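One-letter residues, chain by chain:
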Amino acid sequence: MSAPYVVRDSMTMLRRNLRHLSRYPSMALMLIAIPVVFLLMFVYVLGGTLGAGLPVAGGGTRADYLTYIVPGIWVMTIASVANGTAVSVAIDQTGGMFARFRTMDIARVSVLTGHVLGAVTRTVLGLSVMILFAVALGFRSDAGPAGWLGAAGLVLLLAFSFTWLTVAMGLAAGSVETASNTPLVLMVLPFVSSGFVPTEQMPAGLRHFAEHQPFTPIIETLRALTAGTPVGSDGWLAVGWCVAIGLAGYLWARRQLGKVPVR
Amino acid sequence: MTTAHTPGAAAPGRLTAPAIEVTGLHKSFGAHHVLDGVDLAVPAGTVYALLGPNGAGKTTMVNILSTLLTADAGELRVAGHDLRRESSRVRAAIGVTGQFSAIDMFLTGRENLRLMADLTHLDRATAARDVTALLDRFDLADAADRRTLTWSGGMQRRLDLAMTLITRPRLIFLDEPTTGLDPRSRREVWRVVREQVADGVTVLLTTQYLEEADALADRVGVLDAGRLVAEGTPAELKAQVPGESTNLDDVFLALTGHTVAATDPAAADPSTDTTQEMTAR
């Protein structure tokens, strides 16, 4: 391996990835549009009724519900962008670009770091849009800079971890169509967490699942950090899940990269 | 590198050792023996053609020699380096163009070439000059700044070859480089192969067409079900085929005593494309 070229090759790959983004902004826009639609739908269609069910003294309002679901929408945004990563990785795998890169004397890791850094860049862009959007709808936060810094850190960690997972999904998919479907589980799982309604209101079995799946501590931590309330044990659980998912994705991706695509 | 340089030409200093030395190469996918004890030697600066039907093991052979797959057994040296222990030095010396264009469809032709130049760590001036020269040479200059998604299949394949050449390989693998190409693009590929060899580059190509092996190769190896069943100059092989036929079926019948269809294990071979018909020519 040409060690001195790790940074240079990774930057070349990142430039390629960002060029794709600038060439096809519609794909990135689509991925951000989905969570925006969900946000609007949940707040304006369902928000009045669901807000009333929040455990707030005298029943919550539509505005309370907006505040409640914003962390869940952020997580969905990250998942949605990660979905795009799986697709672009699958295009490189099935289209032969990965095989071409692998026959070249380049820093091996750069083949994937381009995708990972590009995905994190897209996530930051998408989340910025989403935060501005939520604020425009009336989202307000009592958290100080420390809380927001913590939330930003967790969101980045989650983006990084989902990206590695979806890189692996894209490599394993075998076709672009499959690659665009498997990550949908990351879009659906937040619904079965504390993201949209408190888990206390779910039936026993579902509630047990919802309380113990990774999205609940992650969303609860984001909620506490942006509300300026104590995080408690959810913080460590959230970081732990992110690290575990990211590591599993990374190792899975490394295994998959060694395979030669069949055409 | 500041000296005058033909894009894609070999780096100064020809190979002295054989470009490819293979002894006892075995490769299986599950219970299917794709390569079953292949010995091969290709002198530097020559063209070697692997002739055989789908499923004979040609693509697996190229994948192993280009470091994409590892062999189960065998002594393998490529461009003077041990394939297993010095794979990154092997990669620095080789270029690969496969049966399907491996190009970035989201980028323009110029950007594709520039990407390869950047990954070869060429300096800016050299990269810019080589990109322009290759675009001209492959008759792609007019379309250079359009997305390759809109290009014809022949143009995409020519770009693929140009992307291989810009990395300045001393040894080029061409896996069925002309399958599915129109006659003009095919002759273009042939011309490029001859130019490369004139510059001292070694070429290993796989093909289903005897006429292609005849037109390009110094030596031809006939691969049948993972074994090299015949080897020689094109003239020597053709002498064994009755009549003037260059049909692979006839060649096979003459050289192996059976027809292609009788042995074609393509359906069981996960490393080759099975959709190409033998008669598609």
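Cut-offs applied
- Residues numbered from 1 in each chain as written.
- Chains lettered and ligands numbered in written order.
- Predicted model: local features only at pLDDT ≥ 70, side-chain atom pairs only at ≥ 80, totals over all residues.
- Buried ≥ 20, exposed ≤ 12 C-beta atoms within 10 Å, placed from the backbone.
- Helix = DSSP H or I, 4+ residues; strand = E, 2+ residues; numbered from the N terminus.
- Pairing = 2+ DSSP bridges.
- Right-handed = clockwise from strand over helix to strand, strands pointing away.
- Expected span 1.5 Å × (residues − 1).
- Contact = placed C-beta atoms within 7 Å.
- Axes fitted to C-alpha atoms, helices over the stretch in contact; angles between N-to-C directions.

A. Spotlight on the pairing of strand S8 (residues 202-207) of chain B. All names here are of chain B. Across the 6 residues that make up S8, a large majority, 6, are buried. Of the two faces of S8, the one holding Thr202, Leu204 and Thr206 and the one holding Val203, Leu205 and Thr207 are both buried throughout. Note: strand S3 (residues 47-51) against S8, 5 bridges, orientation parallel. Note on S8: the bridge partner recorded for Leu51 is Thr207. Both strand S7 (residues 171-175) and S8 contribute to a ladder of 5 bridges, which runs parallel. Paired with Asp175 across the two strands is Thr206, which belongs to S8. Between S7 and its parallel partner S8, the chain crosses via helix H6 (residues 183-198), and the hand of that crossover is right-handed.

B. Inspection of helix H11 (residues 234-257) of chain A at higher detail. Residues and elements named next belong to chain A. Between its first and last C-alpha, H11 extends 34 Å over 24 residues, near the 34 Å set by a 1.5 Å rise per residue. Within H11, burial applies to Asp234, Ala238, Trp241, Cys242, Ile245, Gly249 and Ala253. Buried-residue contacts for H11 involve helix H5 (110-137), helix H6 (145-173) and helix H10 (215-227).

C. Seen up close, the environment of A:Gly153. Residue and element names in this part refer to chain A. Relative to the elements of secondary structure, Gly153 occurs in helix H6. Taking the C-beta count within 10 Å as the criterion, Gly153 has 12 such neighbours and is therefore assigned exposed. As for Gly153 and Trp241, which are separated by 88 residues in sequence, their C-alpha atoms are 14 Å apart.

D. Local environment of the sheet that holds S3(B). Residue and element names in this part refer to chain B. Strand order in this open sheet of 6 strands is S6-S7-S8-S3-S9-S10, and the pairing throughout is mixed. The open sheet terminates on both sides in strands that have one partner only, identified here as strand S6 (94-97) and strand S10 (227-232). Ignoring which end each strand starts from, the neighbouring axes of this sheet average 15° apart. Here 4 bridges tie S6 to S7, and the two strands are oriented parallel to one another. Counted as the bridge partner of Val96 is Phe173 from S7. Set on the sheet, helix H5 (residues 153-165) makes contact with S6 and S7; between it and S6 the angle comes to about 170°.

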